Amino acid sequence: MRYPALIVDKEKVLNNARAVAELCRSRGIDVWGVAKGLSGDPRLAEIYADAGFRGICDSRLHNLRKIKDSGSSLPRQLIRIAMTSELRELAVTAEMSLQSDIGTIKELDRICVSSGVSHEVLMMIDVGDLREGFWPTELPEAARELKDLKGGVKIGGVAANFACACGVLPTPGNMARLVECRDVIAGIVGCEMPTVSVGGTCCLKIIEDGLAPEGVNVLRICEGVLLGTDTAFDRVVPYLAGDALTVTAEVVECRQKPSMPVGEVGYQAFGEKPVFIDRGLRKRAILAIGRQDVNIDRITPLDENVEIVTASSDHLIVDVTNAGVMYKAGDLMSFRPRYPAMLACATSEYVEVIFE
Ligand SMILES: *Cc1c(COP(=O)(O)O)cnc(C)c1O
């Protein structure tokens, strides 16, 4: 095995995915699995398919293309509103997308008509988190523009994000506003728009509690399935495994050193001026993983007697003075990643992603 590695326990992710699928099914909600947490890894798409998820979402066409090329049978949805420059590729790579710009939707429609494909768009609505989306008061005018579409793009419904840019939490109230927005658009365009899609993991809480308003029928989820956490509500989801992913790195040096640096301290490699506390001589291990590979504030050592001290691009320094193990070069040390650390590992070409 090559290190550093991000190790994915397939069985645990599958069980998490099944638990979410079952909960949502019991509330009349379909689940679409978001693959961006592991950079659109086709092996994750396969797990989502096995769990009964209805489709695969990713924010990058690059990832959706990988999934398509792997032969995945599920429909694909681009969930970052598209760049105009990628519409041609979008039309042949994904069946669905989230959009929030009328000009972009019209251009996509033209491209789909000329290349003889059809594409479903969900209108992204901003119900308060202030990232992408039509502002609800703009909808009547936007909906009138949609009457001019030439049949390449079909509007399938609406979608919203919660707790992404500003941390605005989902509530039965703002979800109900989303359903109302769908009704406004559908009324003006004069056709059925069945889908009301919400995301991400923070929406699970409302669904669990049986409080999702009538009409909400799709959940897009990533974090909960992979990590068992719900960052927005700051909770561990009680029925999901929180230990499916592990980051493992190799020790390349371990020795006793003073806790105070020797010499005048300026700024370190990342422009920070570190502060030190004199704790006498400490035993420190250096791991061959660094800030290029992982977000060091967002990993927790599995050995609770190990403390992260600092890191540079390629080296992670940990204090192992109190560890039960006598670490030496060649030993492995493992960590539990949180969302940003998982993203960083999955995108670092230096980190091997292993499904086992
Ligand atoms: C990332 C993302 C999700 C998934 O969010 P999680 O909180 O990781 O479950 C859902 N929808 C959109 C648009 C996203 O970008």
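Right, let's walk through the structure included here.

Definitions and cut-offs
- Residues numbered from 1 in each chain as written.
- Predicted model: local features only at pLDDT ≥ 70, side-chain atom pairs only at ≥ 80, totals over all residues.
- Heavy atoms only, no water.
- Near = heavy atom within 4 Å.
- Polar contact = N/O pair within 3.5 Å; in protein donor to acceptor, adjacent residues only side chain to side chain.
- Areas by Shrake-Rupley, 256 points an atom, 1.4 Å probe, with all protein chains shown as cover.
- 1 Å grid on protein atoms, 1.4 Å probe; cavity = no way out; pocket = protein on both sides within 12 Å on 5 of 7 lines; lining within 4 Å.
- Sits in = over half its atoms within 2 Å of the grid points.
- Nonpolar A, V, L, I, M, F, W, Y, C, P; charged D, E, K, R; others polar.
- Buried < 20%, exposed > 50% of the residue type's maximum accessible area, 1.4 Å probe, protein only.
- Helix = DSSP H or I, 4+ residues; strand = E, 2+ residues; numbered from the N terminus.
- Pairing = 2+ DSSP bridges.
- Points joined across faces, edges and corners; volume = space filled by probe spheres on them.
- Salt bridge = Lys/Arg side-chain N within 4 Å of Asp/Glu carboxyl O.

**Things to note about the site of the ligand**
So, step 1. Around the ligand, a shell composed of Val34, Lys36, Ile79, Arg131, Asn161, Gly200, Thr201, Arg220, Ile221, Cys222, Glu223 and Tyr339 is seen.
So, step 2. Threonine 201 is positioned such that a nitrogen or oxygen atom in its side chain is 2.6 Å from an oxygen atom of the ligand.
So, step 3. Backbone polar atom of glutamate 223 to an oxygen atom of the ligand: 3.0 Å apart, as the coordinates give it.
So, step 4. Its free accessible area being 390 Å², the ligand has 91% of it covered by the protein chains.
So, step 5. One can see that the ligand is located within the largest pocket.
So, step 6. Across the shell around the ligand, the residue classes break down as 5 nonpolar, 3 polar and 4 charged.

**What about the pairing of strand β2 (residues 30-34)?**
So, step 1. For β2, the buried fraction is high: 4 of the 5 residues fall into the buried class.
So, step 2. The pairing of β2 with strand β9 (residues 218-221) spans 4 bridges and is parallel. Counterpart to aspartate 30 in the pairing with β9 is valine 218.
So, step 3. Bridge count for β2 against strand β3 (residues 55-58) is 3 bridges, and the pairing is parallel.

**Observations concerning empty space enclosed by the protein**
So, step 1. Taken as a whole and assessed by the stated rule, the structure comprises 1 cavity of 30 Å³ or more.
So, step 2. Of the volumes computed, that of the largest cavity is approximately 40 Å³.
So, step 3. When the residues that make up the lining of the largest cavity are grouped by side-chain class, the tally is 4 nonpolar, 1 polar and 4 charged.

**Here's the deal with the pattern of salt bridges**
So, step 1. In this structure the tally under the stated criterion is 23 salt bridges.
So, step 2. A salt bridge links glutamate 307 to arginine 279; its shortest N-O distance comes to 3.3 Å. Note that glutamate 307 is positioned in strand β15 (residues 307-311) and arginine 279 in the loop between β12 (245-258) and β13 (281-287), a separation of 28 residues in sequence.
So, step 3. Here arginine 279 falls in the partly exposed class, since its relative accessible area comes to 40%.
So, step 4. If you follow the salt bridges from partner to partner, you end up with Arg279, Arg282, Glu307 and Asp319 in one network.

No statement about biological role is implied by the geometric values presented.
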